[in-house]
Every structure is written in C-alpha cells, then in structure tokens.
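Structural overview for review
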Amino acid sequence: MTHRCVLALCLLPLICLPGCGGDNNSRTDEPAQPPPISATEAYCGSDYLEIEERIDTLLGELSLEEEVSLMHGAGFVPTESGHLASALPERGIPGFLMVDGPRGLDNQTGLPATAFPVGMARAATWDPELEHRVGQVMGAEVRAAGASVLLAPTMNILYHPRWGRAQETYGEDPYLMGAMAVAFVQGVQQENVLASAKHFVANSIEDTRFTVDVQMDERTLREIYLPAFRRVVQEGQVASVMTAYNSVNGAFSSENEHLLRDILKGEWEFQGFVESDWVFGTHDTVAAASAGLDIEMPAPKVYGPPLVEAVQSGEVSRDMVDLGARRILRAQFCFGLDTDPPVRDPSKVATAGHTRVAREVAQRAIVLLKNTGTLPIDRSTTMKIAVLGDLADAENLGDTGSSRVLPVYVVTALQGITAAADGLVTVTHIASTNLSQEDRASVADADVAIVVTGLTSEDEGEGLISAGDRKGLGLRPEQDALIEAVAATGTPTIVVLEGGSAITMNPWLDSVDAVLMAWYPGIEGGNAIADILFGEVAPSGRLPISFPRAEADLQPFDNVSDTVAYGYFHGYRHLQHEGTAPLFPFGFGLTYTSFAYSDLVLSSTRVAAGDTITVQLDVENTGATDAIETVQLYTGAVSSPVIRAPRELKAFTQVALSAGVKKTVSFDFPIADLAYYDVESGGWVVEPTDYRLEVGSSSGDLPLSAVVTVDGP
Ligand code: BGC
C-alpha cells in the first residue's frame, strides 16, 4: 500500500486494492482481474522470446525510412483483400490486410458473405459463448477473403440511443460490453485473424465525430468507458486497438498520452499496435508519435516523410519509432502472417454452417417486449395472417457505412413468415402503408396482423458517409399511423420492430397485443422472426440498453457542439438515479413461460475487500414451455459518501430450463468488484459499508436481495 493510499484511508476511510497508488512504475489493478504474469507471452504465445529476438535483429538492419514505412497504410484505395499496411516484403515483412467490420465481412472484398445481426442484436443474446462462435465465423470469412485484420469489435458504450452507430456496439453497460467483446475477440483470433478493438475511446456521436471533444472526469472514464477495453486487452489479448476520431479531455484520441501511453500501454501492458481511425483520425506528427500511435491509416498524412523529418530534427526520438515498429512486427510474427498467410478462398465464405450460426444468433437476439397472449401464433387455430409495414419485405441489414456487408442472400420477414406458415395459414401481404378501405377490411378479416416496421439506414448510420445520428427516438409519423390503423381494426396486432437502438412507442403501445424488437437481424432475420412468432423457439433476448418512455427522460444528446460533457450517469444508471421508470428496463425480455426465483444464499455476509463469496439461488420454469432464462446480479452501496449508481450489473448467466424444472444457479462474486475508482488516490477502493446484492431477470425486476457488509481494516 502506498503513502497516498494510507492518506486516503485516514480521510475516508477506504480500503486500497493491490496496486492502488501513485507510483508510476506500478500497475493500477482494477477489480478482480489480475494482469497476466508476462504480458508479451500472453499476447504472443510460447515462442515470444524467439520472436522478440528476431525483431531485435530486424530493427538493427532496417533504415529509419523503412521503419517509418511500417507505420502507415499503403493508400486510400483498398485491395480486394483490404487496406494494406506495414509491409516490406523484401525484408520478409508481409504487412496487414485490414477489413471491416462488426457485422461480417467487408463488402469491399466483393465476396457475398454472412451478414450477421448487428452488434447490438448480438449483445441482446447475452450469450458470450454464442458471440465467440460468431467471432470464429467472421474470422474464418476474413481469412478466406485473404485478409488478416478485422476492424471489429465496435465497443463504444452507448451514451445515448440517438448515436448513429448504436447498432454496431454492445449496448450501454460496461460489464455486458466486456463479456461480449472478449468472447468475440477470442473467437476471431482463434482463426489466426487479428481483431481491432475500436474506437478508443468515447466515440458515440456521429455528426460531430471528427471534431468533438468529449469531456469527462477520471472516475467516469475509468468506471464506464475503459473497463471493456481493459478486458479485451488483458483477457482477450486483442491484437490491435483503433483510436477514435474525437478527442477526449482536450487531446485527440490518436494523440492522447493519458489514454495511449499511460493507460493502454502502461497500466494495462498492451503489447499490440495502435492504429488511427481512417483519414480524419490524425492531426499532428509529433503529438501522435509521442503519445504512441503506431500506425496511421489508411495512408501517410502526418506519418511517412513528416515523421522521418521529425526524427531527423530530434522532435521525435528514434526509440519511439523503434517501439512502434516492434509492436507492428510483433503482431505480424506472433499471428504467423509471414509463415501462414491468409489465402483467398471464396468457397469458405457464407457456408451452410456459417449461415446456420446467423439464424441461431438472430433467434436469440429477438426481444419480446410485450405479449398479451397472442404469441406464439398457433398454426392449428389461426387461419389468416395479414402482414403489413414498410419493412415487411425489406432487406434491412443496417448501416451502409463501413460496417456494410454484401449479403449472400437475405430472408425478409415476409418470406420467413410465409415459409413458416407452411401452407397451413393464409398469409396476405398488404404492401400499402396508407390503408385503403379494402386494406382495412382485409386486416379486419385476418386472425392476426403483423406490422413490420422500424429504422433503416436512412434513419441512422455512420457520419458523413451515411445517415449519421438519429433525429429522435420515435418512429416516423406514417409508421405510427399505420400501426394505429391496423390496431383500430380490432384484429390482434403484433408489431415487429427493426433498428439499432431504443425506439419510443407511446402512440400505439397500449393498443397492440405484442411487440418484438428484432434489431437489424441479418441475412436469416426473416426466418428467425418467424421462428419466434410461431413458437419454434421461445424468445430469450434481453435488452442491452434501456428503452425510455420519452427522450426527455434521458440525459441530453448533443451532436452539434464542439465540446460535450459526459456525466457519470447514463442509461439505466441515469434513469434509476433520477427515479424515472423506463418503458422497458435494461436486461428486460419476456418469453413464452414464467420463472420464479427463490432461496438466495450467500456464503458469507460479513466480508473483507479481498474475499470472494458464492451467491446461490434457485430458478424455476413455472410455465409450460422450455426456455432460457438470463439470471442477472446487480449491486449497489446502501449508504456511501461517494455518489454511486443505485444498481450496476456485476454478473449474469444463462440457464436453459424445461417446463416445470428448477435449477440452482451460483456465482462466485469477488468483493473487489464492489470497488469504485478513487481519483484522489488513483486507485480502486472498496468502501467499508453495506452493499445490496440483487438477483433477478432484469434491472427492473430483482426479486431476490441480500446485504453484504464489508468490514473496515
Ligand atoms: C470508421 C471505422 C472503420 C474505418 C475503416 C472509419 O470511418 O469509423 O470504424 O473501421 O472507417 O473503414
């Protein structure tokens, strides 16, 4: 324990965790995640020493110009296998070939590929094992395109649902984000493809993304925006990190010494390389090189000749260039890009096995938000279904920006429903979105009406090259009007929504019978929607974000100012702190059965900061349908001089339960996970006080709770 911790102890009092303190040479450990013993070995594997020696030899031979040439991309126009960077073939250095993106193989490869449900949809599965398989499939397709680096996952905390690229990320919560991102990265890298965690950090506004300065205090940065990145570095061993366009607390991300040098490469001991975001991500040669930007993409602007000159004039040390080149070579050699390079083989893209995974994910991602009993549709009693809505027969895969995938095929909702009706049920498609008398009569005559509507790439997407940020949280007036008109016929109405984040639905929610959130569900989306509607699969998706009743309930979204301030509270933390009820809470999702929670037992209720306790409980499927339940554990400090969120997700697990079956679920819970980041001491502290542990099926439904007392020293 350092002197600064002891001082803090006297003042608050606080309990310091190992590594807490201001010694620049020591690591600042975060809760319950011990760093790897040898970061280079963990990154590279057992032959890391030989590789480092080989790099030593190479660095002794390369000229300054050659080393600097490794530190930028080869040009603005990508090859069919991606953007080339860091190659010196005559020296045995193959370079990287980089492709997007977060929902599947980059369309610029020209290969028809498996377009998966977007990241937000996959976060709604709350299933890291499934996300690991998605990573493997994407990795395999990237390699089969002849590429070596996948520019994914997007892992920016969703500060506000109007962010244009909300669909790419894993939601609003750091814990869920970390679990999904680690699983994805490990899956991708198992295929010998390098993942690139992006965008480091706080890139969650599109319209001002190139210029905005996102300001936040150090505690908010450490507790909300950094933990998932730390996990992909230390647990996932992510090969590379892409900086954000925006600046953070006054310094552009690609020049941010605090983020890149002190935290990422210093405290977290990241061994891979840092690359800039494309074209507009770099600004100043000396600032970027000094902060630790290793590769400028996609072409030299501030690197290349200006970097050579900066070294020659002494503004940048040769050591800095050596360090950058070392990281670049390490990544290439550790991933065997020289000995086992990727080979383009289109026959390995979009295989039947891959598209099966896309269907499974789409099924698991759909969130049932409301159901008065209309779902699942019973094919033996339902004779006629009317299908309506602007997206019923649309190929709606998401943004047309950098995450665009050329889909091998797309199953629309109408196609999926028609196939699932299997000739037993008559499916009538009413294409008009402005219903005539005849259309209304046809809807009134149906047993069930399904309206498929929501957002498209015209409503949200990447800034400059696509739609940018959303204008609001509701549907368009004509979409609301169609749902209202359908419901007014008296026919039971099911609304299937698509889109990348929260949608408000006040005008019609009370008058419809069921609502599904299907996100952008990928190439198999139509089949997956039908699987859920007809009960082939019981819904298991859970919201990875809060759905507010109205935009005014959230903290403001500012996509016009040059400077924005991100507060400590956003999403469910904000709503609960304000005492505002959401429309649907974070973690929420219904299914075709019910679950009962009981018998919460903690292995100990008086604990010390270094302890790990077992949290055990029973969950029973009390209905008649087999289904998956996502058991969620939240904590909150009962009384604390420090402002804390009322509830924070700290653990979750999934349990498949047959009808009538009860199972015991248990979590190992490290008390260190109750820590907050103490800015004064520069470390994580667990206050000696009482903490509430709550368990249930969403942040708004936690039937079990217990109190744990952390004793002082
Ligand atoms: C995006 C990145 C993307 C890159 C390359 C940028 O505009 O912000 O996410 O990886 O382009 O396509």
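Check the entry above for the structure.
Residues numbered from 1 in each chain as written. Predicted model: local features only at pLDDT ≥ 70, side-chain atom pairs only at ≥ 80, totals over all residues. Heavy atoms only, no water.

All right, on to the packing of helix H6 (residues 128–144) against helix H7 (residues 174–190) then. Between H6 and H7, whose axes approach to 7 Å, the crossing angle comes to 35 degrees. For the element pair H6 and H7, the recorded crossing hand is right-handed. Residues Pro 128, Glu 131, His 132, Val 134, Gly 135, Gln 136, Met 138 and Gly 139 of H6 lie in contact with H7, whose contacting residues are Ala 179, Met 180, Ala 183, Phe 184, Gln 186, Gly 187, Val 188 and Gln 190. In the contact of H6 with H7, the residues fall into eight nonpolar, seven polar and one charged. (Axes fitted to C-alpha atoms, helices over the stretch in contact; angles between N-to-C directions. Helix = DSSP H or I, 4+ residues; strand = E, 2+ residues; numbered from the N terminus. Left-handed = near helix turned anticlockwise from the far one by under 90°. Contact = heavy atoms within 4.5 Å. Nonpolar A, V, L, I, M, F, W, Y, C, P; charged D, E, K, R; others polar.)

Bringing the sheet that holds strand E8 (residues 247–248) into the picture now. Strand pairs in the sheet, formed through backbone hydrogen bonds, run parallel or antiparallel to each other. Across the sheet, four strands lie side by side as E9-E8-E6-E17; this open sheet has mixed pairing. The open sheet has two free edges, formed respectively by strand E9 (251–252) and strand E17 (563–565), since each of these has just one partner strand. Pairing of strand E6 (residues 213–215) with E17 involves three bridges; the strand directions are parallel. Across the sheet, residue Asp 213 finds its bridge partner in E17, namely Thr 563. (Pairing = 2+ DSSP bridges.)

For the structure on display, the rule yields 39 salt bridges. For Glu 206, the salt bridge goes to Arg 209, with nearest N and O atoms at 3.4 Å. Here Glu 206 and Arg 209 have matching classes, each one buried. The network of salt bridges with common partners includes Arg 165, Glu 168, Glu 206, Arg 209 and Glu 462. (Salt bridge = Lys/Arg side-chain N within 4 Å of Asp/Glu carboxyl O. Buried < 20%, exposed > 50% of the residue type's maximum accessible area, 1.4 Å probe, protein only.)

Throughout the structure, instances matching the rule amount to 18 aromatic pairs. Look at Tyr 572 and Tyr 634: their rings are 6.0 Å apart centre to centre, the planes differ by 90 degrees, and that puts the pair in the edge-to-face class. Taken together, the residues Tyr 572 in helix H19 (residues 571–578) and Tyr 634 in strand E21 (residues 627–637) connect sequence positions 62 residues apart. With respect to burial, Tyr 572 and Tyr 634 carry one shared label: buried. Here the aromatic rings of Phe 584 and Phe 588 are separated by 5.4 Å at their centres, their planes lie at 15 degrees, and the arrangement is stacked. Comparing Phe 584 with Phe 588 shows no difference in burial state: the two are buried. Among the aromatic residues, those joined into a ring-pair cluster are Trp 126, Tyr 175, Tyr 572, Phe 586, Tyr 634 and Phe 652. (Phe/Tyr/Trp six-rings, centres within 6.5 Å; stacked < 30°, edge-to-face > 60°.)

So, about the site of the ligand. The environment of the ligand is made up of Asp 100, Leu 151, Arg 165, Lys 198, His 199, Arg 209, Met 242, Tyr 245, Asp 277, Trp 278, Ser 402 and Glu 462. Separating an oxygen atom of the ligand from a side-chain N or O atom of Lys 198 is a distance of 2.9 Å. Take Glu 462: an N or O atom from its side chain is 2.8 Å from an oxygen atom of the ligand. Protein chains shield 92% of the accessible area of the ligand, which is 310 Å² for the free molecule. The residue makeup of the shell around the ligand, split by class, is four nonpolar, two polar and six charged. (Near = heavy atom within 4 Å. Polar contact = N/O pair within 3.5 Å; in protein donor to acceptor, adjacent residues only side chain to side chain. Areas by Shrake-Rupley, 256 points an atom, 1.4 Å probe, with all protein chains shown as cover.)

It is worth spelling out the side chain of His 83 at this point. Tracing the sequence through the fold places His 83 in strand E2 (residues 83–85). A polar side-chain atom of His 83 sits 3.2 Å from a polar atom in the side chain of Trp 278. With near-sequence residues (within four places) excluded, His 83 lies in contact with Gly 75, Phe 76, Val 77, Pro 78, Phe 96, Leu 97, Met 98, Trp 278, Met 297 and Pro 298.

Okay, the nonpolar core next. If you look at soluble globular proteins, the nonpolar side chains tend to sit buried side by side. Phe 96 and Phe 200 are the most contacted members of the largest nonpolar core, which has 125 residues in total. Element by element, the count of residues in this core is highest for H7, at nine residues. The next biggest cluster of nonpolar side chains, apart from the first, holds 63 residues, and it includes Leu 375, Val 452, Leu 533 and Val 615. (Core = buried A, V, L, I, M, F, W, Y, C linked by side-chain atoms within 4.5 Å.)

With that settled, consider the pairing of strand E25 (residues 683–686). If a strand is regular, its side chains alternate between the two faces of the sheet. Here E25 shows a buried face lined by Gly 683 and Val 685 and a second buried face lined by Trp 684 and Val 686. Adjacent in sequence and paired antiparallel, strand E24 (residues 676–678) and E25 are bridged by four residues, among which Gly 682 carries a positive phi angle near 65 degrees.

These results come straight from atomic positions and should not be treated as a statement about function.
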